[in-house]
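For reference, the chains in residue letters:
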Amino acid sequence: MARILVIDDDANLLQMVKLMLERVGHQVEISDSGEEGIALAAKNQHELAIIDVMMPGLSGYDVVRRMREDSRTARIPIIILTARSQPMDKHMALEAGANAFLSKPVTSHELTDRVDAVLRAGVNYRVHTGLLTEPIPRSPTPPPRPSSVPPRPPSQLQAIETLEQPAVDFSDALSADTIKGRLPIMTVISLRGGTGSTTIAVNLAFTLVNRGRQVCLVDLSTSSGHIPLHLHLPSPHNWSELVAKGNTFDPRIVNQLLIEHPPSGMAVLPAPAIPGTPTLSTIATQNILQELGSTYSHVVVDAPHLDSASIGALLVARAVVVVMADDLLSIQSTGQFLTALQNLGVEMGRVRVVLNQIRPTRDVPPDTIQKALKRPLSAEIPYTPDHANAIRRGMPLVVSDPEGAYAQAIQQLTRTMTM
Amino acid sequence: MIGTQKATIRKGYVAGDYLTASYRINGEADLHGDPLMDQLNHHMELFIQLERMFISPLLDPASLGANYESGHVRKSNLELVVLSEPESGLPRRQGQYKGPDHAQRPVFLIVGGFEVNGMLNLHPSVNVGNFIRTTPEQFIPLFNARAVLIGHREIVFEGGAILVNRGQIEAFCVLKK
């Protein structure tokens, strides 16, 4: 069991948390001030610290920052426990360097579960509600790349070729850093068909719409895009009209290609219905997404293949959602795909690996998958037989059954992506 | 039993965010027998006393500005009070807002600088519009509510209950379920 430091100016809460943790076997040391707590942490090298935010004098955020700056305490995982429970408070706590955020009141189950998850994950991971884990980006502000992208090393193309996809020329591609800031784009991708990535993209988009965001959903499929079918939308236009014009970019044409989903107000850029249509170039895709990103608060991209258009979407996305199933083929292709993403220059901090339970029975357990991939799963989407009905009604599950397990998991996934 | 035990703020207090036109005031109200709703709706008291007050500018609400052992907030200048637990937003006579036959009625309000969405939990026989217009109480609770600061839509407050100062309501709409 672990040695844990609890820092809070509320004596009653200190005793209560101490009691809860000692009951499950942890050794707990308490402190009622930030200054004293930092000194104790440096001296006794605890395995975890639980820190309140609102303390007179040194605030919890200051304590976290000072612990992260001190080499003796920088490796101690930290949970913030506070009565300030708004989204911006959580963001502030995680930005300061905390690994997890809990709001008061907290039950002993919630507390001990989160403590165990943070101890398991270590200081390099954030643990969110539902015990979803994501790696902390190593460098929140990476150094800017030169505007002219240098030739990429052979390993990038090799990585793509190992996935048995046609090698594509993306030497003219813009990286996320060369475009002004990160675009508010989520790219959902799966290299194996039938993992439900399109359904996840549609439901992610509607989750954002439900939160009052202006969303554009982009279908980059080249094998008969299914998004209009999910939403019962006619698709008189699609992006192949841009390809036919030689991949030239004209914002007016892009806006003319968009169709509106009337009940939600969401915009959709459909894919051609005929399979085998030539796809967009990397640079054209990035220009389109840049235009849409400046118009809509969020753009969700369904990118089913690793082709030139998908690479464009991966490079500019703020978050990349890699969808996998729990079978061996999917695990293998996901592992290789993560390597390919790294070689493409997609930082792993932007990537969320999502296990979509596409069958009622489990094949490989999530723990084994995490070990095989050497990274945690950001979300597990439970199996539901209701997708067929959802498509029949043209109403995604996050709309028709927002309290259902599937919708809850999608909402949870959305929350892990700081957009 | 162990699993349901809660580590919370001091017994007999409720923590909340008290939002004015310019500030986010986080503090703990001493309930001393009176639920927060009843204290806010007490016509003879102009102020409500808070302890462990932390004051942040509304446009930088996550920062921790000044903090004080205790202070008083003018109730009529409050726009919203955000509470994490729905139960904290109930008055002593809970029947008005809680009951097996009550229905959740979605409403949208513009309150000062905020757009607020949430649920009014009322008996189906109650006309929601009439209720908001004519109830004698200054504060009404919206459950599972969300308030977005107009002009700064990244600033969002969510709560199991948001208590709305009717005196600050600029417009409201009763939404269809």
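Note: the structure precedes this text.
All residue numbers refer to position in the chain's written sequence, counted from 1. Chains carry letters and ligands carry numbers; both start at the beginning, A for chains and 1 for ligands, and go up in the order they are written. Totals for whole chains, interfaces and linings use every residue, but because this is a predicted model, local features are given only for residues with pLDDT of at least 70 and side-chain atom pairs only at 80 or more, for both listing and counting. Only heavy atoms go into the side-chain values, all of them from the structure, while hydrogens and water stay out.

> Quick question: what am I supposed to make of the overall build of chain B here?
Secondary structure elements follow DSSP: runs of H or I of four or more residues count as helices, runs of E of two or more count as strands, with numbering from the N terminus. When its secondary structure is counted, chain B shows two helices and 11 strands. Its helices and strands taken in sequence order, chain B reads β-β-β-α-β-β-β-β-β-α-β-β-β from the N to the C terminus. Note on classification: 1.4 Å probe, protein chains only; a residue is buried when its accessible area is under 20% of the maximum for its type, exposed when over 50%, partly exposed between these limits. Considering chain B as a whole, with its 177 residues, one finds that 50% of them fall into the buried category. For every accessible area listed, the method is Shrake-Rupley and the probe measures 1.4 Å; residues are considered covered only by the protein chains on display. For chain B, the exposed surface amounts to about 8,400 Å²; the carbon and sulfur share of it is 53%.

> Please clarify how the overall build of chain A should be interpreted in this entry.
A tally of helices and strands in chain A yields 17 helices and 16 strands. When burial is assessed residue by residue, chain A has 55% of its 419 residues classed as buried. Contacts were defined at the residue level, with two residues in contact if any of their heavy atoms lie within 4.5 Å. Considering only residue pairs separated by 6 or more positions, chain A has 72% of its internal contacts joining residues 24 or more positions apart. A total accessible area of about 17,200 Å² is found for chain A, and carbon and sulfur atoms account for 53% of it.

> I tried to follow the sheet that holds strand β2 (residues 13–19) of chain B on my own but got confused; where do I start?
Two strands in a sheet stick together by hydrogen bonds in their backbones, pointing the same way (parallel) or opposite ways (antiparallel). If you trace the 10 strands from one edge of the open sheet to the other, you get β5-β4-β3-β2-β6-β10-β9-β8-β7-β11 (chain B), paired in antiparallel fashion. Single-partner strands in this sheet number two, and they are β5 (67–74) and β11 (169–174) of chain B. The mean inter-strand angle of the sheet, taken between neighbouring strand axes irrespective of direction, is 40°. Each pair of strands is called paired provided DSSP finds at least two bridges between the two strands. Here strand β9 (residues 139–149) of chain B pairs with strand β10 (residues 156–165) of chain B via nine bridges, running antiparallel. For I140(B), the partnering residue across the bridge sits in β10(B) and is V164(B). Along the sheet face, helix α4 (residues 87–96) of chain A touches β3 (23–30) and β10 of chain B and points at about 145° away from the line of β10(B). As a rule, the C-alpha atoms of each element are fitted with a line to give its axis, helices using only the stretch in contact, and angles between N-to-C directions run from 0 to 180 degrees.

> Can you help me understand the environment of I410(A) in this one?
Residue and element names in this part refer to chain A. In this fold, I410 is placed in helix α17 (residues 405–416). Along the sequence, I410 and I381 sit 29 residues apart, while their C-alpha atoms lie 7.1 Å from each other. Filtering out sequence-adjacent residues up to four positions away, I410 remains in contact with I200, N203, L204, T207, I381 and V398.

> What should I look at first to understand the packing of aromatic side chains in this one?
In this description, a pair of aromatic rings is defined by centroid distance and the angle of the planes. Residues and elements named next belong to chain B. Note on ring pairs: Phe, Tyr and Trp rings are taken, using the six-membered ring of Trp, and paired if centres are within 6.5 Å. Classes follow the plane angle, with under 30 degrees stacked, over 60 edge-to-face and the rest tilted. Under the criterion given, the structure shown has two aromatic pairs over all chains. Each ring, one from F114 and one from F157, has its centre 6.2 Å from the other, and the planes form 75°; the classification is edge-to-face. In this pair, F114 is assigned in strand β8 (residues 114–122) and F157 in strand β10, connecting sequence segments 43 residues apart. With respect to burial, F114 and F157 carry one shared label: buried.

> I would appreciate a short explanation of α17(A) in the present structure.
An α-helix turns once every 3.6 residues. As a result, residues three or four positions apart point the same way. All names here are of chain A. Each helix should span, by expectation, one fewer than its residue count multiplied by 1.5 Å. In a regular helix each residue adds 1.5 Å, so 12 residues correspond to 16 Å; α17 covers 17 Å between its end C-alpha atoms and thus fits that length. For α17, a buried count of nine out of 12 residues is recorded, marking the element as mostly surrounded by other parts of the structure. When α17 is considered as a whole, its buried residues turn out to be Y406, A407, A409, I410, Q411, Q412, L413, T414 and T416.

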